[in-house]
Amino acid sequence: MEENFTPIDPIFIELGPIQVHWYGLIIGIGALLGLWLAVRESERRGLHKDTFVDLVLFAIPIAIICARIYYVIFQWDYYSQNPGDIVKIWNGGLAIHGGLIGAFVTGYIFAKVKGISFWKLADIGAPSIILGQAIGRWGNFINQEAHGGEVTRQFLEGLYLPEFIINQMYINGAYYHPTFLYESLWSLVGFAGLMLLRKANLRRGELFLTYIIWYSIGRYFIEGMRTDSLMLTDSLRVAQVISLVLIAIAVAVLILRRVKGYSKERYLESAE
């Protein structure tokens with residue numbers, strides 16, 4: 001039976017020729033909340049209050065560009081035939097792993113230039129990053145993307161989801177797993193966990209490495225449910241491969257830094 005639902009308009013507001021899309025607005029809100037959180041915490045940790053403001057001026061645009069390049073590379077069959085669509089990021093197509101790579105490299109270079117510990121910056125920024133990811137996934141919800149396989153309406157109702165989510169998950173005559181929601185909730189739990197771990201006074205770098213491990217575990221399993229995955233081969237999903245690699249690297253670095261004594265400083269210490 002065909003349902004009669006009108007999906008949410010992806011355009012938030014039109015000002016003459018200018019269109020503000022929900023996708024960009026939601027990502028922007030996530031970035032601003034993350035920045036606010038990082039600025040507050042950086043002052044407590046002995047850094048100048050403008051440190052993260054200066055960092056995001058470089059990191060956010062570079063992360064967006066890298067996220068788009070990453071996505072386009074793995075969808076080149078389409079974009080090679082439709083090059084004009086490469087710049088249309090408002091329609092979706094920002095790969096989180098690509099953005100993380102761009103932000104990581106930018107943060108590392110920034111820390112070296114400023115004479116600040118990269119691990120200290122990364123620890124402070126980790127909760128902000130995962131909070132931004134949790135919020136940003138709702139941009140996928142508006143665009144009706146990043147969803148999983150087909151399910152029944154009864155299945156979605158059994159999850160006690162509000163009507164607006166269930167209705168938005170009705171796409172082209174079928175209901176789908178709200179995998180955007182699963183990842184958003186996983187990230188929110190991770191955010192809460194990182195905020196608690198701040199008080200545990202972990203060794204420097206371990207808060208960030210915990211974020212990498214937590215997010216990658218969730219992404220691995222949730223990615224396996226999606227229908228729009230970027231594929232490395234016919235059977236290998238790029239995000240799952242990258243997630244496993246990141247988990248292995250993060251665990252190895254965490255152990256190595258402890259064994260070699262590279263992480264003697266603690267998170268709550270204010271020294272550079």
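You'll find the structure just up there.
Residues numbered from 1 in each chain as written. Predicted model: local features only at pLDDT ≥ 70, side-chain atom pairs only at ≥ 80, totals over all residues. Heavy atoms only, no water.

Draft legend 1. How the structure looks around the environment of Gly 261. Within the element layout of this structure, Gly 261 appears in the segment after helix H10 (238-259). As a C-alpha pair, Gly 261 and Leu 181 span 80 residues in sequence and 40 Å in three-dimensional space. (Helix = DSSP H or I, 4+ residues; strand = E, 2+ residues; numbered from the N terminus.)

Draft legend 2. Summary view of empty space enclosed by the protein. Inspection of the entire model under this criterion finds 1 cavity of 30 Å³ or more. Reported here for the largest cavity is a volume of approximately 30 Å³. Looking at the lining of the largest cavity residue by residue, the classes come out as 1 nonpolar, no polar and 5 charged. (1 Å grid on protein atoms, 1.4 Å probe; cavity = no way out; pocket = protein on both sides within 12 Å on 5 of 7 lines; lining within 4 Å. Points joined across faces, edges and corners; volume = space filled by probe spheres on them. Nonpolar A, V, L, I, M, F, W, Y, C, P; charged D, E, K, R; others polar.)

Draft legend 3. The arrangement of unusual backbone geometry in detail. Its identity as a non-glycine residue notwithstanding, Ala 146 has a phi of 55 degrees, on the positive side. Its location among the elements puts Ala 146 in the loop between helix H5 (118-142) and strand S3 (150-151). By relative accessible area, Ala 146 is classed as buried at 3%. Of note in this structure, Tyr 160 is not a glycine but carries a positive phi near 60 degrees. The residue Tyr 160 is located in the loop between helix H6 (153-158) and helix H7 (163-168) in this model. The exposed category is assigned to Tyr 160, whose relative accessible area is 75%. (Buried < 20%, exposed > 50% of the residue type's maximum accessible area, 1.4 Å probe, protein only.)

Draft legend 4. The arrangement of the sheet that holds strand S4 (residues 170-171) in detail. The antiparallel open sheet is built from 3 strands, whose spatial order is S3-S5-S4. The two strands at the open ends of the sheet, each matched to only one other strand, are S3 and S4. Bridge count between S3 and strand S5 (residues 174-176): 2 bridges; the pairing is antiparallel. Paired with Val 151 across the bridge in S5 is Tyr 175. (Pairing = 2+ DSSP bridges.)

Draft legend 5. Spotlight on the packing of helix H4 (residues 96-114) against H5. Taken N-terminus to C-terminus, the directions of H4 and H5 make an angle of 155 degrees; their axes are 11 Å apart at the nearest point. Taken as axis vectors, H4 and H5 run roughly antiparallel relative to one another. Between H4 and H5 lies a crossing whose hand is right-handed. On the side of H4, the interface is formed by Ile 96, Leu 100, Phe 104, Gly 107, Tyr 108, Phe 110 and Ala 111, while H5 contributes Phe 118, Leu 121, Ile 129, Gln 133 and Arg 137. (Axes fitted to C-alpha atoms, helices over the stretch in contact; angles between N-to-C directions. Parallel < 35°, antiparallel > 145°, perpendicular 65-115°, else oblique. Left-handed = near helix turned anticlockwise from the far one by under 90°. Contact = heavy atoms within 4.5 Å.)

Draft legend 6. Molecular detail of the pattern of salt bridges. According to the stated counting rule, one finds 12 salt bridges in the structure shown. Between Glu 41 and Arg 44 there is a salt bridge whose closest N-O contact spans 3.0 Å. Linking Glu 41 with Arg 44, this pair stays in helix H1 (residues 22-44), spanning 3 residues, or about one helical turn. Its relative accessible area of 44% is what places Arg 44 among the partly exposed residues. (Salt bridge = Lys/Arg side-chain N within 4 Å of Asp/Glu carboxyl O.)

Draft legend 7. Spatial organisation of the nonpolar core. With 45 residues, the main nonpolar core has Phe 52, Leu 121, Leu 156 and Tyr 211 as its most contacted residues. Secondary structure elements with two or more residues in this core: H1, helix H2 (51-73), H4, H5, H7, helix H8 (179-198) and helix H9 (206-223). The element contributing the most residues to this core is H5, with 10 residues. Aside from chain neighbours lying at most four places away, what touches Tyr 211 is Leu 100, Ala 126, Ile 129, Ile 130, Gln 133 and Leu 194. (Core = buried A, V, L, I, M, F, W, Y, C linked by side-chain atoms within 4.5 Å.)

Draft legend 8. Layout of H8. Taking 1.5 Å as the rise per residue, H8 with 20 residues should run 28 Å; its terminal C-alpha atoms sit 29 Å apart, in good agreement. Looking only at H8, the buried set comprises Thr 179, Phe 180, Leu 181, Glu 183, Ser 184, Ser 187, Gly 190, Phe 191, Leu 194 and Arg 198. Buried positions along H8 lie against H1, H4, H5, H7 and H9. (Expected span 1.5 Å × (residues − 1).)

Draft legend 9. Representation of the packing of aromatic side chains in the model. Counted under the stated rule, the structure contains 20 aromatic pairs. Between Tyr 108 and Phe 118, the aromatic rings sit 5.7 Å apart at their centres with planes inclined by 65 degrees, giving edge-to-face as the arrangement. With a gap of 10 residues between them, Tyr 108 in helix H4 and Phe 118 in helix H5 connect regions that are remote in the sequence. The exposure class assigned to Tyr 108 is partly exposed, which follows from its relative accessible area of 39%. (Phe/Tyr/Trp six-rings, centres within 6.5 Å; stacked < 30°, edge-to-face > 60°.)

Draft legend 10. Fine view of the layout of surface pockets. One number sums up the size of the second largest pocket: a volume of about 420 Å³. Considering every element that reaches the lining of the second largest pocket, the biggest residue donor is H2, with 3 residues. Taken together, the residues that form the lining of the second largest pocket break down as 12 nonpolar, 7 polar and 9 charged.

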